[in-house]
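# Fold and geometry: a report
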Amino acid sequence: DAKTTQPNSMESNEEEPVHLPCNHSTISGTDYIHWYRQLPSQGPEYVIHGLTSNVNNRMASLAIAEDRKSSTLILHRATLRDAAVYYCILKSGGSNYKLTFGKGTLLTVNP
Amino acid sequence: DTAVSQTPKYLVTQMGNDKSIKCEQNLGHDTMYWYKQDSKKFLKIMFSYNNKELIINETVPNRFSPKSPDKAHLNLHINSLELGDSAVYFCASSQRTSGNLYNEQFFGPGTRLTVL
């Protein structure tokens with residue numbers, strides 16, 4: 001599986017936008033970019049995924065660089081409930097059955 | 001209604017014992033997984049079953065034996081428990097679409113296993 005690099009931690013204030021970066025310079029053409037998050041003492045939950053185009057859903061937006069070597073998860077208005085570890089994961093279109101988690105980014109949201 | 005449920009939530013036991021963790025999903029998915037999250041918070045896949053058939057076994061010791069009686073259940077049995085088995089175990093499920101593509105995974109709340 002191609003590797004991703006994320007900052008260990010980030011901090012944000014409540015009600016402000018948060019941009020969580022992810023580098024994946026060895027991404028292949030069939031790799032999808034997935035984001036999951038894990039709230040304290042809970043199982044991971046799916047956030048969003050994309051291939052080439054930017055994606056929006058009710059939780060977040062995913063901005064993918066034109067060369068696909070990096071992406072950014074955007075939380076438009078952070079709430080205290082968004083404090084979690086965010087994982088950026090590449091999943092090959094040919095072997096999409098498992099998630100390989102890295103260290104992720106611990107997001108702290110200040111009131 | 002809980003989508004993916006696990007029992008028990010906490011499990012404390014002595015070294016050498018045998019224990020089981022149960023997982024059930026009511027999402028109608030055909031693929032289920034077991035992940036292990038160690039004390040350093042690394043999440044690693046252990047097993048995956050598709051339609052009750054084992055499709056992933058990530059070099060997990062033979063002491064761990066998953067059992068899938070039907071598509072909605074994937075139980076994890078652990079023999080001769082060791083201190084290093086202490087971790088949080090997460091069950092997950094997803095639905096296979098076409099070819100080898102799978103939709104997003106839904107995770108259970110986890111089972112915290114402590115081996116003394």
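Residues numbered from 1 in each chain as written. Chains lettered and ligands numbered in written order. Predicted model: local features only at pLDDT ≥ 70, side-chain atom pairs only at ≥ 80, totals over all residues. Heavy atoms only, no water.

### Concerning the pattern of salt bridges
Scanning all chains against the criterion turns up 5 salt bridges over all chains. Its salt-bridge partner being A:E45, residue A:R37 comes within 2.7 Å of it at the nearest N-O pair. Residue B:R63 pairs with B:D85 through a salt bridge whose shortest N-O separation is 2.8 Å. Of the two residues, B:R63 is situated in the loop between β6 (53-57) and β7 (64-70) and B:D85 in the loop between β8 (73-78) and β9 (87-94); the sequence distance between them amounts to 22 residues. (Salt bridge = Lys/Arg side-chain N within 4 Å of Asp/Glu carboxyl O. Helix = DSSP H or I, 4+ residues; strand = E, 2+ residues; numbered from the N terminus.)

### Here's the deal with the interface of chain B and chain A
Contacts between chain B and chain A engage 20 residues on the former and 17 residues on the latter. When the two sides are added together, the surface that chain B and chain A hide from each other amounts to roughly 1,600 Å², 58% of it contributed by carbon and sulfur. When residues of chain B are sorted by the area they lose upon contact with chain A, B:L43, B:E104 and B:F107 head the list and together hold 29% of the total. Here chain B and chain A share 0 salt bridges between them. (Contact = heavy atoms within 4.5 Å. Buried area = accessible area lost by both parts, 1.4 Å probe.)

### What about the packing of aromatic side chains?
On inspection of all chains with the given rule, the structure shows 9 aromatic pairs over all chains. Judged by centre distance (6.3 Å) and plane angle (70 degrees), the ring pair of A:Y36 and A:F101 falls under edge-to-face. With A:Y36 in strand β3 (residues 31-38) and A:F101 in the loop between β8 (84-92) and β9 (105-110), this residue pair connects regions lying 65 residues apart in the sequence. Owing to a relative accessible area of 0%, A:Y36 belongs among the buried residues under this scheme. The interplanar angle of 85 degrees and the centroid separation of 5.9 Å between the aromatic rings of A:F101 and B:Y35 together place this pair among those described as edge-to-face. Residue A:F101 is found in the loop between β8 and β9, and its partner B:Y35 is found in strand β4 (residues 31-37); the two belong to separate chains. Among the residues examined, A:F101 registers a relative accessible area of 8% and is labelled buried. (Phe/Tyr/Trp six-rings, centres within 6.5 Å; stacked < 30°, edge-to-face > 60°. Buried < 20%, exposed > 50% of the residue type's maximum accessible area, 1.4 Å probe, protein only.)

### Looking at the sheet that holds strand β1 (residues 9-13) of chain A
Residue and element names in this part refer to chain A. Reading across the sheet, the 5 strands line up as β1-β9-β8-β3-β4 and stay open at both edges, with mixed pairing between neighbours. Since the sheet does not close on itself, it has two edges, and those belong to β1 and β4 (45-50), each with one partner. On average, each strand axis in the sheet is inclined to that of its neighbour by 25 degrees, with strand direction left out of account. Summarising the sheet, β8 and β9 pair through 3 bridges and their orientation is antiparallel. Note on β9: the bridge partner recorded for A84 is L107. (Pairing = 2+ DSSP bridges. Axes fitted to C-alpha atoms, helices over the stretch in contact; angles between N-to-C directions.)

### Considering the side chain of B:H29
Residue and element names in this part refer to chain B. Here H29 is to be found in the loop between β3 (19-25) and β4. Among the residues examined, H29 registers a relative accessible area of 11% and is labelled buried. With residues near it in sequence (within four places) discarded, H29 still touches K71, S93, S94, Q95 and F106.

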